[in-house]
Amino acid sequence: MEDWTQTLGAGPLLGIAAVAVALILFLVIRVKLHAFLVLVIVSLLTAVATGIPAEFLVKTLVEGFGGTLGNVALLIGFGAVLGRLIESSGGAKVVAEKMVSIFGEKRAAFALGVTSLLLGFPIFFDAGLIVMLPIIFAVARRIGGKNLLLYGITAAGAFSVMHVFVPPHPGPVAASEFFGANLGVVLLVGLVIAFPVWYITGYLWARFANARNPLEVPNLFGQDDDEIANPPSAGLVVAIVALPLVLILMNTGLNALGSAGIVDKTQGWVHALRLIGESPVALLITVLVALVALGTARGEKGSALEKLVDGTLAQVASVILITGAGGMFGSVLRASGVGDALADTLSGWGLPVIFAAYIIALVLRVAQGSATVALVTTAGLLSPAVMSGGFSVVDTAAITLAAAAGSVFAGHVNDSGFWLVGRLMNMDVKTTLKTWTVQQAIQSVVGFVLVLVIYVVL
């Protein structure tokens with residue numbers, strides 16, 4: 001691909017991308033063709049239409065698919081097994097009962113969201129969501145009724161807010177490096193806006209969406225209707241759920257301490273601790289612990305646990321494949337050069353830097369799907385202006401988070417996260433667009449408004 005140059009301009013590439021998105025929606029919503037097949041077909045057609053050379057075409061599709069699965073397949077697989085163990089042992093029901101008894105039915109969703117905010121500090125969005133889903137579903141079932149979105153979007157929104165705005169998550173860290181922002185100030189500003197952004201776009205939006213789209217809680221992890229004779233304690237379940245979060249925090253914490261020069265990142269013990277704190281390894285360790293602790297709680301051993309794991313992986317195979325195909329489609333759009341063409345066009349608009357950071361990231365996000373690519377591209381474009389602009393440390397942090405806010409806007413069918421959330425919550429494409437895509441758009445706008453206030457006032 002290094003020897004190939006895209007000859008189409010931003011206009012034709014955007015037109016092709018728009019037609020591709022419309023075709024996906026038509027085939028999935030109206031024709032009822034399976035999303036996995038649709039995404040592969042449209043990815044192939046889009047690659048041909050944008051002129052990607054034939055010798056690189058299949059390679060681009062496969063690398064886009066594999067690159068996405070490399071990030072999420074292990075997390076979904078391990079997370080689903082962990083969720084099934086928590087569900088089948090009766091642990092999820094025990095925790096749900098404990099949460100309702102402490103906070104009451106009316107405050108359970110709010111408490112679940114605040115918990116997700118706290119857990120979302122060290123753990124990435126997809127890993128945090130998959131670990132919390134069994135608790136989310138169990139609490140929603142305990143309250144009763146069709147209330148999936150109230151609990152699901154409240155918690156997912158919390159993880160998304162932390163992932164977008166708060167270091168040590170990769171987006172704000174990468175943008176901080178490009179803009180020369182003080183990471184501590186970015187962290188402080190991110191924490192200041194995180195709760196109000198979540199409350200408005202996570203909790204309040206979830207209540208609104210749930211009232212208009214009442215959905216049953218899905219049976220992703222299986223559900224045992226029989227009363228468990230010896231369920232684990234709520235404390236044990238919480239400890240198991242917290243284990244990967246502690247391990248991941250150890251990884252991100254040591255990385256931050258190493259960047260600050262407090263610890264030597266070349267030391268063997270640092271490498272060892274960071275290894276077990278990598279998300280897939282942390283979840284693997286947690287699954288092994290859960291197999292012993294929660295499998296024993298039901299008296300299951302050997303072949304029974306093997307069947308449980310096998311059945312769980314079969315249930316989430318569709319989620320994994322569709323998420324990978326969504327990543328394939330986004331990868332084709334990026335390989336086509338639509339992002340670069342748009343970046344060249346947008347860079348000459350002459351907007352104030354903070355508005356340019358938000359709008360450029362927003363347009364790139366909608367066009368090609370990847371929040372990371374949108375953010376890094378925006379930061380690369382504007383870094384000379386920011387570095388030489390004489391901005392204060394607070395202003396630079398605000399510009400950094402403005403770009404981060406733009407990079408999350410309205411995730412849709414070219415974003416693998418759209419398919420991950422939709423399939424994990426068993427929502428069809430139309431419902432996911434009405435709920436999750438809108439939530440991401442509102443989160444982006446509210447986040448930018450709050451950052452702009454800080455920029456103007458301070």
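Given the structure is predicted, the values throughout are model-derived calculations rather than measurements. (Residues numbered from 1 in each chain as written. Predicted model: local features only at pLDDT ≥ 70, side-chain atom pairs only at ≥ 80, totals over all residues. Heavy atoms only, no water.)

Colleague: Is there a simple way to explain the overall build of the chain in this structure?
Modeller: Helix and strand counts for the chain stand at 19 helices and 0 strands. Here the C-alpha radius of gyration of the chain, 22 Å, is about what a compact globule of 458 residues would show, namely 23 Å. Projecting the C-alpha coordinates of the chain onto the three principal axes gives extents of approximately 65 × 50 × 50 Å. Within the chain, buried positions represent 53% of all 458 residues. Contacts in the chain between residues at least 24 apart in sequence constitute 82% of all its contacts with a sequence separation of at least 6. Per element, the accessible surface of the chain, about 18500 Å² overall, is 66% carbon and sulfur. Positive and negative side-chain charges of the chain, numbering 23 and 24 respectively, have mean locations separated by a distance of 11 Å. (Helix = DSSP H or I, 4+ residues; strand = E, 2+ residues; numbered from the N terminus. Rg over C-alpha atoms; globule rule 2.2 N^0.38 Å. Buried < 20%, exposed > 50% of the residue type's maximum accessible area, 1.4 Å probe, protein only. Contact = heavy atoms within 4.5 Å. Areas by Shrake-Rupley, 256 points an atom, 1.4 Å probe, with all protein chains shown as cover. Lys, Arg positive; Asp, Glu negative; His and termini not counted. Charge placed at Lys NZ, Arg CZ, Asp CG, Glu CD.)

Colleague: Explain helix 10 (residues 234-259) here, please?
Modeller: Given 3.6 residues to a turn, an α-helix orients residues that are three or four positions apart in the same direction. Under the 1.5 Å per step criterion, the end-to-end length of helix 10 is 37 Å for 26 residues, consistent within 8% with the ideal 38 Å. The largest bend along helix 10 reaches roughly 30° and is located at A242, with the proline P244 sitting one to four residues downstream. Of all the residues in helix 10, the buried ones are A234, V237, I240, V241, P244, L245, L247, I248, N251, T252, L254 and G258. Once helix 10 finishes, G261 follows within two positions and takes phi at roughly 80°, a positive value. (Expected span 1.5 Å × (residues − 1). Bend = angle between axes of the 7 residues up to and from the residue.)

Colleague: Just checking my understanding: could you explain the pattern of salt bridges for this structure?
Modeller: Pairing is possible between side chains of opposite charge, provided their charged atoms come close. Applying the stated criterion to the full structure yields 4 salt bridges. Ionic pairing is found between R142 and E97, a salt bridge with its closest N-O pair at 2.9 Å. Here E97 lies in helix 4 (residues 91-103) and R142 lies in helix 6 (residues 125-143), a separation of 45 residues in the sequence. The exposure class assigned to R142 is partly exposed, which follows from its relative accessible area of 31%. Each of E97, E105 and R142 takes part in salt bridges that share partners, so that together they form one network. (Salt bridge = Lys/Arg side-chain N within 4 Å of Asp/Glu carboxyl O.)

Colleague: What is the right way to look at empty space enclosed by the protein in this model?
Modeller: Unoccupied space between atoms shows up once a probe the size of one water molecule is rolled over them. Per the stated rule, a full pass over the model turns up 1 cavity of 30 Å³ or more. Computed from the structure, the largest cavity encloses a volume of approximately 30 Å³. For the largest cavity, the full set of lining residues is F418, W419, G422, R423, M427, D428, V429 and T432. Sorting the residues of the lining of the largest cavity by element identifies helix 18 (416-424) and helix 19 (429-457) as the ones contributing at least two each. Element by element, the count of residues in the lining of the largest cavity is highest for helix 18, at 4 residues. Considered class by class, the residues forming the lining of the largest cavity number 4 nonpolar, 2 polar and 2 charged. (1 Å grid on protein atoms, 1.4 Å probe; cavity = no way out; pocket = protein on both sides within 12 Å on 5 of 7 lines; lining within 4 Å. Points joined across faces, edges and corners; volume = space filled by probe spheres on them. Nonpolar A, V, L, I, M, F, W, Y, C, P; charged D, E, K, R; others polar.)

Colleague: Is there a simple way to think about the packing of aromatic side chains in this case?
Modeller: Geometry of an aromatic ring pair is reported as the spacing of the ring centres plus the angle between the planes. Per the counting criterion, the structure on display carries 15 aromatic pairs. Centroid distance W198 to Y199: 6.3 Å. Interplanar angle 70°. Geometry classified as edge-to-face. Assessed through its relative accessible area of 31%, Y199 is described here as partly exposed. Taken together, the ring pairs in this structure connect F110, F195, W198, Y199 and Y203 into an aromatic cluster. (Phe/Tyr/Trp six-rings, centres within 6.5 Å; stacked < 30°, edge-to-face > 60°.)

Colleague: Help me understand the confidence of the model for the chain in this model?
Modeller: Detailed reading of the predicted model is not advised wherever pLDDT is low. Considering every residue of the chain, the mean pLDDT works out to 87; 96% of them sit at 70 or more. Mean pLDDT across the secondary structure elements of the chain bottoms out at helix 14 (residues 338-346), with 75, and peaks at helix 19, with 96. (pLDDT = per-residue confidence, 0-100.)

Colleague: Would you explain the packing of helix 9 (residues 183-212) against helix 19 in this entry?
Modeller: Two numbers describe how helix 9 lies on helix 19: the axes approach to 9 Å, and their chain directions differ by 145°. Judged by the sense of rotation from one axis to the other, the crossing of helix 9 with helix 19 is right-handed. Along its contact with helix 9, which presents V189, I193, P196, V197, I200, T201, G202, W205 and A209, the element helix 19 presents K434, T435, V438, Q439, I442, Q443, V446, G447, L450, V451 and I454. Grouping the amino acids of the contact of helix 9 with helix 19 by side-chain chemistry returns 13 nonpolar, 6 polar and 1 charged. (Axes fitted to C-alpha atoms, helices over the stretch in contact; angles between N-to-C directions. Left-handed = near helix turned anticlockwise from the far one by under 90°.)

Colleague: Looking at this structure, I do not really get the side chain of T312. What am I missing?
Modeller: Structurally, T312 is set in helix 13 (residues 302-335). By relative accessible area, which is 0% here, T312 ends up buried. Beyond its immediate stretch of four places on either side in the chain, T312 contacts A80, V81 and R84.

Colleague: What should I look at first to understand unusual backbone geometry in this one?
Modeller: What is expected of a backbone is that most residues other than glycine have negative phi and most peptide bonds are trans. Non-glycine residue A410 carries a positive phi angle of around 50°. Positionally, A410 belongs in the loop between helix 17 (393-406) and helix 18. Its relative accessible area of 12% is what places A410 among the buried residues. The residue N426 is not glycine, and still its phi comes out positive at about 60°. Assignment of secondary structure puts N426 in the loop between helix 18 and helix 19. You can call N426 exposed: its relative accessible area is 61%.

Colleague: Quick question: what am I supposed to make of a nonpolar patch on the surface here?
Modeller: There is a patch of nonpolar side chains on the surface, built from F26, V31, L33, L37, I41 and L45 and spanning about 510 Å² of accessible area. By residue number, the principal contributor to the nonpolar patch is helix 2 (residues 35-49), which donates 3 residues. Relative to the elements of secondary structure, L33 occurs in the loop between helix 1 (10-30) and helix 2. Overall, the relative accessible area of 31% leaves L33 in the partly exposed class. (Patch = residues over 30% accessible without salt bridge, like charges linked within 9 Å, V, L, I, M, F, W, Y side chains within 5 Å.)

Colleague: Would you explain the packing of helix 10 against helix 11 (residues 268-276) in this entry?
Modeller: Angle between the axes and distance between the axes: these two values describe a pair of packed helices. Interaxial distance between helix 10 and helix 11 falls to 7 Å at its minimum, and their mutual angle equals 140°. By the criterion of interaxial angle, the relationship of helix 10 to helix 11 is oblique. Pair helix 10 / helix 11 crosses with left-handed handedness. In this structure, helix 10 contributes L247, M250, N251, L254 and N255 to the contact, and helix 11 contributes W269, V270, L273, R274 and I276. When the residues that make up the contact of helix 10 with helix 11 are grouped by side-chain class, the tally is 7 nonpolar, 2 polar and 1 charged. (Parallel < 35°, antiparallel > 145°, perpendicular 65-115°, else oblique.)

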